[in-house]
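Close look at the chain arrangement
Spelled out from the first residue to the last, the chains are:
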Amino acid sequence: MQEEIENRTVNLAISTTKLTARTLLNAYHTWKRHHNAAKDKKAMEKPVGKQTIKELLGQNQGVSSIPIQNTGIRDFEQIARKYGIDYAITKDKTVVPPKYMIFFKARDADAMTAAFAEYSNRKLKTKVKPSVLKQLEKLKTLAASIPEKIKEKLQEHGSR
């Protein structure tokens, strides 16, 4: 009787192990199919916005370039996202100071001209509009030059 119970226990352990191995193998194959499908889907999508020059050239739509100053790259990126322009920024380190070039697709030329018009307007406004901190410093010096009122507190002691 004991031997029969031991055999059944061993058979149950073996069949459970086989079932677990099959389940794990099936789960792995399902995950691998899903992973490959997601990778294929991502490969089919075109990159949008900021990208590398290799990705930009890989779209076979012709590329144009414009030089830009170092000071306004972040401002330009914000405007380019607004206009939906696909672009790549490179830095030419051979020149002192470094020179930045923006490459964009030829089909985005109209959007690019509008973006650069807005970018240049924004840069001109910052040159015309004085800094708030500078105005604050001027007002501080002006306030310091004004003589303060002399405050005297006199206590009157009345006799009763």
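The structure reproduced in this document is the subject of the present report. (Residues numbered from 1 in each chain as written. Predicted model: local features only at pLDDT ≥ 70, side-chain atom pairs only at ≥ 80, totals over all residues. Heavy atoms only, no water.)

Some points on unusual backbone geometry
With omega at -5°, the peptide bond leading from Val96 into Pro97 counts as cis. Along the chain, the position of Pro97 falls in the loop between β2 (87-92) and β3 (99-105). (Helix = DSSP H or I, 4+ residues; strand = E, 2+ residues; numbered from the N terminus.)

Topic: the packing of aromatic side chains
One pass over the structure, following the stated rule, counts five aromatic pairs. Between Phe76 and Tyr87, the aromatic rings sit 5.8 Å apart at their centres with planes inclined by 80°, giving edge-to-face as the arrangement. With a gap of 11 residues between them, Phe76 in helix α3 (residues 73-83) and Tyr87 in strand β2 connect regions that are remote in the sequence. Look at Phe76 and you get buried, because its relative accessible area is 0%. Aromatic side chains Phe116 and Tyr119 sit 6.1 Å apart centroid to centroid with 90° between the ring planes, which places their arrangement in the edge-to-face category. Of this pair, Phe116 and Tyr119 are both found in helix α4 (residues 109-128), three residues apart, which corresponds to roughly one turn of the helix. You'll find Phe116 and Tyr119 in the same group, each marked buried. Linked through ring pairs, Phe76, Tyr87, Phe116 and Tyr119 together constitute an aromatic cluster. (Phe/Tyr/Trp six-rings, centres within 6.5 Å; stacked < 30°, edge-to-face > 60°. Buried < 20%, exposed > 50% of the residue type's maximum accessible area, 1.4 Å probe, protein only.)

As for a nonpolar patch on the surface
A grouping of Ile53, Leu57 and Val63 is seen on the molecular surface, where their side chains present a nonpolar patch of about 210 Å² in accessible area. Note that Leu57 resides in helix α2 (residues 53-57). (Patch = residues over 30% accessible without salt bridge, like charges linked within 9 Å, V, L, I, M, F, W, Y side chains within 5 Å. Areas by Shrake-Rupley, 256 points an atom, 1.4 Å probe, with all protein chains shown as cover. Salt bridge = Lys/Arg side-chain N within 4 Å of Asp/Glu carboxyl O.)

Notes on the environment of Pro147
Along the chain, Pro147 turns up in the segment after α5 (132-145). Overall, Pro147 belongs to the exposed group, its relative accessible area being 69%. Taking C-alpha positions, Pro147 is 80 Å from Lys32, a pair spaced 115 residues apart along the chain.

Comments concerning the nonpolar core
Nonpolar side chains tend toward joint burial in soluble globular proteins. The biggest cluster of nonpolar side chains holds 14 residues, and the ones touching the most others in it are Phe76, Ile85, Tyr87, Ile102 and Met112. Apart from residues no more than four positions distant in its own chain, Ile102 is found in contact with Ser64, Ser65, Ile66, Ile68, Phe76, Tyr87, Ala88, Ile89, Met112 and Phe116. (Core = buried A, V, L, I, M, F, W, Y, C linked by side-chain atoms within 4.5 Å. Contact = heavy atoms within 4.5 Å.)

Concerning the sheet that holds β3
Strand order across the open sheet formed by three strands is β1-β3-β2, with antiparallel pairing between neighbours. Strand pairing shows two members of the sheet lacking a second neighbour, β1 (63-68) and β2, which therefore form its edges. Within this sheet the neighbouring strands show an average axis-to-axis angle of 25°, counted without direction. Pairing of β2 with β3, which is carried by six bridges, proceeds in the antiparallel orientation. Its bridge partner lying in β3, Thr90 is registered against Met101. Where α3 meets the sheet, its contacts fall on β1, β2 and β3, and the angle it forms with β2 comes to roughly 165°. (Pairing = 2+ DSSP bridges. Axes fitted to C-alpha atoms, helices over the stretch in contact; angles between N-to-C directions.)

Regarding the pattern of salt bridges
Scanning the entire structure with this criterion turns up seven salt bridges. Among the salt bridges present, the one from Arg74 reaches Glu77, with a minimum N-O distance of 3.2 Å. Here Arg74 and its partner Glu77 are both found in helix α3, three residues apart, which amounts to about one turn of the helix. Judged by relative accessible area, Glu77 falls into the buried class, the value being 6%. Taking the shortest distance from any N to any O, the salt bridge between Arg122 and Glu118 comes out at 3.8 Å. Of this pair, Arg122 and Glu118 both sit in helix α4, separated by four residues, roughly a single helical turn.

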